[in-house]
Amino acid sequence: MNKLLVAFISILCAIAANGKEHLSVSFSPADGGFALVGADIVIDSSDDKLIGNVAEMFAGDMKMVTGSSPAITNRRSGKPNIIFGTLDSRHIKSLVSKGLLNVETLKGGVERFLVYTIDGRTLVVAGNDPRGAAYGLLTLSEKMGVSPWFWWADVPVMRHDAVYVKADYVSDSPSVRYRGIFINDEDWGLYEWSAKTFEPETGSIGPKTYRKVCELLLRLKCNMLAPAMHLCSHTFYSHPENKIIADEYGIMITTSHCEPLLFNNLSSYEWRGDRDGEWDYGTNRQTIYDKLDARVKEASPYENIYTMGLRGLHDEGMRGNYSMYDRVRLLEQAVTDQREILGKHIEAPIDSIPQILVPYKEVQQIYEAGMDVPDDITLVWPDDNYGYMKMLSNPREQQRRGRSGIYYHISYLGVPHDYLWLSTTPPALMYEELKKAYDTGADRYWLLNVGDIKPMELSIQMFAAMAWDFGSFNYNNANSYQAEFLASLIGKRYLPQLQSILDEYYRLAWSRKPEHMGWEREWDSPEFTGMKSTEFSFENYNDAQSRLADYAAVSEHAAGILEELPQDKKAMFYEMLGYPVMASALMNEKFLLAQLNQEMALKGEFGKANWAGEKAQKAFSDLQELTRRYNGLLDGKWNHMMQIPKGVCALYQEMPHVSIVQDAPEEIDLSPRIEEYRLDSCLYVPVNSFSEVCASDNHSFRLIKGLGYDWEVVQMGEVTEPEADPSDTGDFSVSYTLPAIDADSVRVIVYTVPRFPVYKGASTAFGISIDHSAPEVINYLPVEQSRQWKDNVIRNAMVSRTAFRIDREAPDHKLTITCGAPGLLIQRILVDWGGLRPTYVGPSVPVEKFTSQK
């Protein structure tokens, strides 16, 4: 009887397993399934034009994989058929009417697809709208080895004689409704490459480039593009083909915060002050209205997402000397007029036309001063340009019909310093910040500022994947996503090495981005301008030596993988990871050894100064050669794409001053010395060494890998959780046990990850306490452009210093950090009673390497 029961349960389990949705691709007939080779792609000629275009893309993908391209036909043939289309396709309707296909589960939502094998001769790929269908067929492309990055990152396509599909799969709607990228600050990369290499006949970023961009976005399951808009580039609408190409790929056009109704006022092609007057809605309303009206009339036949409101020319504040009251009224009038224009040219209810308002810079102040925004308009919250969300929807705003979205940067031109060269935003930070946005209603619109696209591939890939299926990410896997993605391209056996390289690359850039190693600031007071020596110390705690050694090790690691990869994978690896890692190492070597040169020269040790100076010069030269190598890849395919962007006034790309005299160079041993890790009269407290956590069921507490100076942080709560009392150590707190300290007082230094109040009126409060003292509460409310905000974003830390009296006779002490506003991220803790020596962001010392001194 027991055996029968076991057998019956096994049968039920097998049935349940077979009933699960699945979609798999294999290359062996032994695996069974529908054979793609030899099948025709069957579409309905009256279906949306995107269907025919994607069918051609898929046929091309099949050609790359198998060497043969399927025929595309409007009629079913005697051959095996791939039935592809929307639910309006007559072929799909026929299958439904015959009871061969059930599409009920596909109805509802947007951009969903079904892949279903009816029998060995019929495979159906259907979408509940054209983009959904496209995503379905291109999902098969990706599974058979055609990466979305096959062209943009030169990911090789492996050849197979046959491809088999097993499928019974229905996708969910994407997590975020509108998903895409903003090409920005393109002057030093994408523009140069397009104008000089890819489409010199256009002399700018034009239709040929946008065709490649739109194909990439469609393959990434994105659906919108904010085109390049700097003065160097031709405006998107100056080439009539551009909007047609975007439409062919199902890509909606959106624009940045300073381009109302798709209008780029920076370009003389669109706006000229000598012809059109002042860009001031209070004094020149009709001219501006007419310009916007003409643009919407031109663009209205196509899908767009319209930016509402007004700023100044380009990224300037609103023009005109108006009071805040008048600014509010003026912006409200502009939005009213813009909705009138939309209603005039688009035959749809006004609340069904996608519209956004971006409270960016001065527009945030106007919005907070009481601007009335129609309920169907999506509020798009920007980060502070450095990856930290400034403000998110409050409980009232979370109820808006238009919901909210985000505008996020992985590239930026502006104060306190540009970072246009490399992508160094850690995956865990991107996830943590976008999760707070998503959890507070930002699921309507996600726009990523990607600079030149290259070398931002890994960050773009992760952003697109999160926007498509945010639920597949969590705090445990966000930091590993990029390594796993890259390992899927170059080989699973490399996964541990890739994770190690990426961890070190992002960790080292966390304390100081490569672009910021010149220690100058832009558009700032004289004391901060001009290149300077870094604050990394060659004297204390192996501060500079460890950085040089760590960069050298990770660079060698990346170079080793590059060397052993087969030829067809070298370019891909070099573009996506090899160049960023090795270039970062050389940039740091250039500046740190130039600093050492100056320090040795001041000491009169000229031989050592010469050695350091020559090493710095070689790093500078090697970096130029590394960049030339990038531009020479694949017979110059990417020539002019990679530069070390100077932005408007940056200096980090230059060679810093070194002093070299006639003395013979004398080599310096820069190996970190174990004795230098010793801490006297101070203590480094690992954040993961807590002895007690006090938290209610309403508060979460976790360690997050992939953030912080030591690559692990404590997270106390999330922004959707209730606030606690930071003055009460018994409410929500984490405690650390400290040893006996031979002093009457100590200074506690806590480094937290920067953050803003989640919305206006909220706090960032947390407290610090030792033993039984009342917590010292810190509630820092960042002010953009302030000195403290600049310090914080440059070093990725807010530093809090508090002093406490202690009992020197006590056998141990208890350090407690309380949390008031959930979302606190603690990255480093130091305790000093007179012995802490200067470094950039304090010593990072594993506990086993030192003995604390009383």
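Residues numbered from 1 in each chain as written. Predicted model: local features only at pLDDT ≥ 70, side-chain atom pairs only at ≥ 80, totals over all residues. Heavy atoms only, no water.

A.B. asks: Please clarify how the overall build of the protein should be interpreted in this entry.
C.D. replies: Summing up its helical and strand segments, the protein has 19 helices and 27 strands in all. Its C-alpha atoms give the protein a radius of gyration of 29 Å, within 12% of the compact-globule value 29 Å for 854 residues. For the protein, the spread of C-alpha atoms along the three principal axes comes to 90 × 85 × 65 Å. Looking at the protein residue by residue over its 854 residues, the buried ones come to 60%. A separation threshold of at least 6 residues defines the contact pool for the protein, and within that pool the share at least 24 residues apart is 76%. Roughly 32400 Å² of accessible area belongs to the protein as shown, and the carbon and sulfur atoms make up 50% of that amount. Distance from the positive charge centre (85 side chains) to the negative charge centre (115 side chains) of the protein: 4 Å. (Helix = DSSP H or I, 4+ residues; strand = E, 2+ residues; numbered from the N terminus. Rg over C-alpha atoms; globule rule 2.2 N^0.38 Å. Buried < 20%, exposed > 50% of the residue type's maximum accessible area, 1.4 Å probe, protein only. Contact = heavy atoms within 4.5 Å. Areas by Shrake-Rupley, 256 points an atom, 1.4 Å probe, with all protein chains shown as cover. Lys, Arg positive; Asp, Glu negative; His and termini not counted. Charge placed at Lys NZ, Arg CZ, Asp CG, Glu CD.)

A.B. asks: Any chance you could explain the side chain of Glu111 here in plain terms?
C.D. replies: Mapped onto the elements, Glu111 comes out in the loop between helix H3 (90-97) and strand E6 (113-119). A distance of 3.5 Å separates the side chain of Glu111 from the side chain of Arg177, its partner in a polar contact. Within polar-contact distance, the side chain of Glu111 engages the side chain of Arg179 at 2.8 Å. Setting aside its immediate chain neighbours within four residues, Glu111 contacts Asn128, Asp129, Arg131, Gly132, Tyr135, Ser171, Asp172, Pro174, Arg177, Arg179, Asn223 and Trp468. (Polar contact = N/O pair within 3.5 Å; in protein donor to acceptor, adjacent residues only side chain to side chain.)

A.B. asks: Any chance you could explain the confidence of the model for the protein here in plain terms?
C.D. replies: For the protein, the mean per-residue pLDDT works out to 95, and 96% of the residues sit at or above 70. Here residues 1-20 scores under 50 on pLDDT; set against residues more than four positions off or in separate chains, the count is one contact. Scored below 50 in pLDDT, residues 846-854 makes 25 contacts in the model with residues more than four places away or belonging to other chains. (pLDDT = per-residue confidence, 0-100.)

A.B. asks: Got a minute to help me understand the sheet that holds strand E18 (residues 692-694) in this structure?
C.D. replies: Neighbouring strands of a sheet are bound in pairs by backbone hydrogen bonds; such pairs are parallel or else antiparallel. Pairing is antiparallel across the open sheet formed by five strands, whose spatial order is E18-E21-E26-E23-E24. Two strands close off the open sheet at either side, each with one partner strand: E18 and strand E24 (776-778). Here the strands of the sheet are splayed against their neighbours by 20° on average, with no regard to which way each runs. Examined bridge by bridge, strand E21 (residues 733-739) and strand E26 (residues 812-819) share seven bridges and lie antiparallel to one another. Residue pairing across strands places Leu738 opposite His813, the latter belonging to E26. (Pairing = 2+ DSSP bridges. Axes fitted to C-alpha atoms, helices over the stretch in contact; angles between N-to-C directions.)

A.B. asks: How should I be thinking about the sheet that holds strand E12 (residues 306-307) in this particular structure?
C.D. replies: With parallel pairing, eight strands are arranged side by side in an open sheet as E11-E10-E9-E16-E15-E14-E13-E12. Whereas interior strands pair on both sides, the edge strands pair on one side only; in this sheet they are strand E11 (252-253) and E12. As judged from the five bridges shared by strand E15 (residues 404-409) and strand E16 (residues 445-451), these two strands associate in the parallel manner. Its bridge partner lying in E16, His409 is registered against Asn449. Where helix H13 (residues 457-468) meets the sheet, its contacts fall on strand E9 (178-183), E15 and E16, and the angle it forms with E16 comes to roughly 175°.

A.B. asks: Quick question: what am I supposed to make of the packing of H13 against helix H14 (residues 481-490) here?
C.D. replies: For any two helices packed against each other, the geometry comes down to the angle between their axes and how far apart the axes lie. Closest axis-to-axis distance for the H13/H14 pair is 10 Å, and the angle between their directions is 110°. Relative to H14, H13 is oriented roughly perpendicular. Contacts from Leu458, Ser459, Gln461, Met462 and Ala465 in H13 reach Tyr481, Gln482, Phe485 and Leu486 in H14. Tallied by class, residues from the contact of H13 with H14 come to six nonpolar, three polar and no charged. (Parallel < 35°, antiparallel > 145°, perpendicular 65-115°, else oblique. Nonpolar A, V, L, I, M, F, W, Y, C, P; charged D, E, K, R; others polar.)

A.B. asks: Just to check I follow, could you spell out the environment of Arg512 for this structure?
C.D. replies: Topologically, Arg512 is positioned in the loop between helix H15 (495-511) and helix H16 (543-564). A relative accessible area of 5% means that Arg512 is categorised as buried. Sequence separation of Arg512 and Glu614 is 102 residues, and the distance between their C-alpha atoms is 24 Å. If we skip the residues at most four places from it in the chain, Arg512 touches Met517, Trp519, Phe536, Arg547, Ile794 and Tyr840. A polar side-chain atom of Arg512 sits 3.2 Å from a polar atom in the side chain of Tyr840.

A.B. asks: What is the right way to read the packing of aromatic side chains from this model?
C.D. replies: The description of an aromatic ring pair rests on the distance of the ring centres and on the angle between the ring planes. If you walk through the whole model with that rule in mind, you get 41 aromatic pairs. Aromatic side chains Trp151 and Trp152 sit 5.3 Å apart centroid to centroid with 80° between the ring planes, which places their arrangement in the edge-to-face category. Grouping residues by exposure puts Trp151 and Trp152 together as buried. Ring geometry for Phe263 and Trp279: centres 5.9 Å apart, planes at 5°, overall stacked. (Phe/Tyr/Trp six-rings, centres within 6.5 Å; stacked < 30°, edge-to-face > 60°.)

A.B. asks: Can you walk me through the pattern of salt bridges in this structure?
C.D. replies: Pairing is possible between side chains that carry opposite charge, provided their charged atoms lie close to one another. Tallying each qualifying case throughout the model produces 57 salt bridges. Its salt-bridge partner being Arg628, residue Glu625 comes within 3.1 Å of it at the nearest N-O pair. Of this pair, Glu625 and Arg628 both sit in helix H18 (residues 606-636), separated by three residues, roughly a single helical turn. Within this structure, Glu111, Arg131, Arg177, Arg179 and Glu303 form a network of salt bridges that share partners. (Salt bridge = Lys/Arg side-chain N within 4 Å of Asp/Glu carboxyl O.)

A.B. asks: Can you walk me through the pairing of strand E7 (residues 122-127) in this structure?
C.D. replies: On a regular strand, each side chain points to the face opposite its neighbour's, so the side chains alternate between the two faces of the sheet. The buried fraction of E7 amounts to six of the six residues, a majority that puts the element mostly inside the structure. Alternating positions in E7 separate into two faces, Thr122, Val124 and Ala126 on one and Leu123, Val125 and Gly127 on the other, with burial throughout. Where strand E5 (residues 81-86) meets E7, six bridges bridge the pair, whose relative direction is parallel. Within the sheet, the bridge partner assigned to Asn81 lies in E7 and is Thr122. Across six bridges, E6 lies against E7 in antiparallel orientation. Note on E7: the bridge partner recorded for Val115 is Val125.

A.B. asks: I'm lost on the environment of Pro70 in this one. Help?
C.D. replies: Relative to the elements of secondary structure, Pro70 occurs in the loop between helix H2 (49-66) and strand E4 (72-73). What makes Pro70 buried here is its relative accessible area of 11%. It is 6.2 Å that separates the C-alpha atoms of Pro70 and Ala39, two residues lying 31 residues apart in sequence. The residues touching Pro70, leaving out its near neighbours within four places in the chain, are Ala39, Ile41, Ala59 and Met62.

A.B. asks: Could you clarify how one ought to interpret the side chain of Asn81 in this entry?
C.D. replies: Inspection of the secondary structure puts Asn81 in strand E5. A polar atom in the side chain of Asn81 sits 3.0 Å from the side chain of Arg76. Among all residues touching Asn81, those that are not within four sequence positions of it are Phe34, Ala39, Asp40, Val42, Arg76, Arg121, Thr122 and Leu123.

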